[in-house]
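Residues per chain, in single letters:
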Amino acid sequence: MTRSKSSALRYLALTGTCAALCAAAQPALADDVDAASAEMTEGEKELAEMLEGRVAGEPVDCITAWRSDRMTVIDETAYVYGRGNTIYVQRTHNPESIDDDDVIVMRRFGSQICRTDQITTVDRFNGFLSGVVFFEEFTPYTRVEDEG
């Protein structure tokens, strides 16, 4: 038997073994997903409600920042920017440090908020610096139109 045929047979044997193991693990994975959804944090539940009826789009580095739009802070979860048909979710590098008692201070130029902007937080009640925010990409969520 040639080396390539031997390799192919080993590959098929491993693939079959993997398929059998994956099929056996399928119910356990479904249980893990059910357990994870049951253990959602309050912030994740609030975000899920905001995103209900919306579909995620391709993440972007910058978004247009209108003065009339607002940013919602969801404790230990995400920042949500915008209103209307499309809202943008910003989870940041450390979502566990997001606190709705903090005021966001952005140093930006122009009419956009970008992932490279300098963002700090200040405690709303005491006025001291409470952290630095490192944005990731903004994920747009657009409302799905009902057909019918």
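This text follows the structure it describes.
Note that the coordinates shown come from a computational prediction; the quantities given were computed from them, not determined experimentally.

Chemist: Please set out the sheet that holds strand S8 (residues 118–123) residue by residue, giving values where relevant.
Modeler: Pairing within the open sheet is antiparallel, and its three strands lie in the order S6-S8-S9. Edge strands, defined here as strands with exactly one partner in the open sheet, are strand S6 (102–107) and strand S9 (129–133). Taken over all neighbouring pairs, the strand axes of this sheet differ in orientation by 25 degrees on average, direction set aside. Looking at chain direction, S6 and S8 are connected through six bridges and run antiparallel. Across the sheet, Asp-102 pairs through a bridge with Asp-123, a residue of S8.

Chemist: Any chance you could break down helix H2 (residues 42–51) for me, citing the residues and the numbers?
Modeler: Where H2 is concerned, the buried positions are Gly-43, Leu-47 and Leu-51. Take H2 and look down its axis: the buried residues cluster within an arc of 70 degrees, on one side only. Exposed residues pointing more than 90 degrees away from the buried face of H2 are listed as Glu-42 and Glu-49. Residues of H2 that are buried sit in contact with strand S1 (54–56), strand S3 (71–74), strand S4 (78–81), strand S5 (86–90) and strand S10 (139–143). With its phi angle positive at about 80 degrees, Gly-53 sits one or two positions after the end of H2.

Chemist: Tell me about the state of the cysteines, and name the residues and values.
Modeler: Following the criterion strictly, the structure yields one disulfide and no others. The disulfide bridge from Cys-62 ends at Cys-114, spanning 2.0 Å between sulfur atoms. As the torsion about the S-S bond is roughly 115 degrees, the Cys-62-Cys-114 disulfide counts as right-handed. Within this pair, whereas Cys-62 is found in strand S2 (residues 62–64), its partner Cys-114 is found in strand S7 (residues 112–114), the two being separated by 52 residues in sequence.

Chemist: Requested: an account of unusual backbone geometry, with residues and values cited.
Modeler: The backbone of Glu-76 shows a phi angle near 55 degrees, a positive value even though the residue is not glycine. If you trace the backbone, Glu-76 turns up in the loop between S3 and S4. Glu-76 gets classed as exposed once you look at its relative accessible area, which sits at 54%.

Chemist: Now, about the pattern of salt bridges: what can you tell me, with residues and values included?
Modeler: Following the criterion strictly, the structure yields three salt bridges and no others. Salt-bridge contacts for Lys-45 lead to Glu-42; the nearest nitrogen and oxygen are separated by 3.7 Å. In this pair, Lys-45 and Glu-42 are both assigned in helix H2, three residues apart and thus about one turn of the helix distant. Residue Arg-91 is joined to Glu-44 by a salt bridge in which the shortest nitrogen-to-oxygen separation is 3.1 Å. One end of the pair, Arg-91, is in the loop between S5 and S6; the other, Glu-44, is in helix H2, with 47 residues separating them in the sequence.

Chemist: Please give an account of the sheet that holds S5 that cites residues and values.
Modeler: Reading across from one edge, S1-S10-S5-S4-S3 is the order of the five strands in this open sheet, with antiparallel pairing throughout. A strand with exactly one partner marks an edge of an open sheet, and here the two such strands are S1 and S3. Taken pair by pair, the neighbouring strands of this sheet meet at an average axis angle of 25 degrees, ignoring direction. Taken together, the three bridges between S1 and S10 define a ladder with antiparallel strand orientation. From the neighbouring strand, Val-55 faces S10, where its bridge partner is Thr-142. The strands touched by H2 are S1, S3, S4, S5 and S10; relative to S3, the strand with the most contacts, the crossing angle is about 145 degrees.

Cut-offs applied
Residues numbered from 1 in each chain as written. Predicted model: local features only at pLDDT ≥ 70, side-chain atom pairs only at ≥ 80, totals over all residues. Heavy atoms only, no water. Pairing = 2+ DSSP bridges. Helix = DSSP H or I, 4+ residues; strand = E, 2+ residues; numbered from the N terminus. Axes fitted to C-alpha atoms, helices over the stretch in contact; angles between N-to-C directions. Buried < 20%, exposed > 50% of the residue type's maximum accessible area, 1.4 Å probe, protein only. Arc of directions from axis to C-beta. Contact = heavy atoms within 4.5 Å. Disulfide = S-S within 2.5 Å. Salt bridge = Lys/Arg side-chain N within 4 Å of Asp/Glu carboxyl O.

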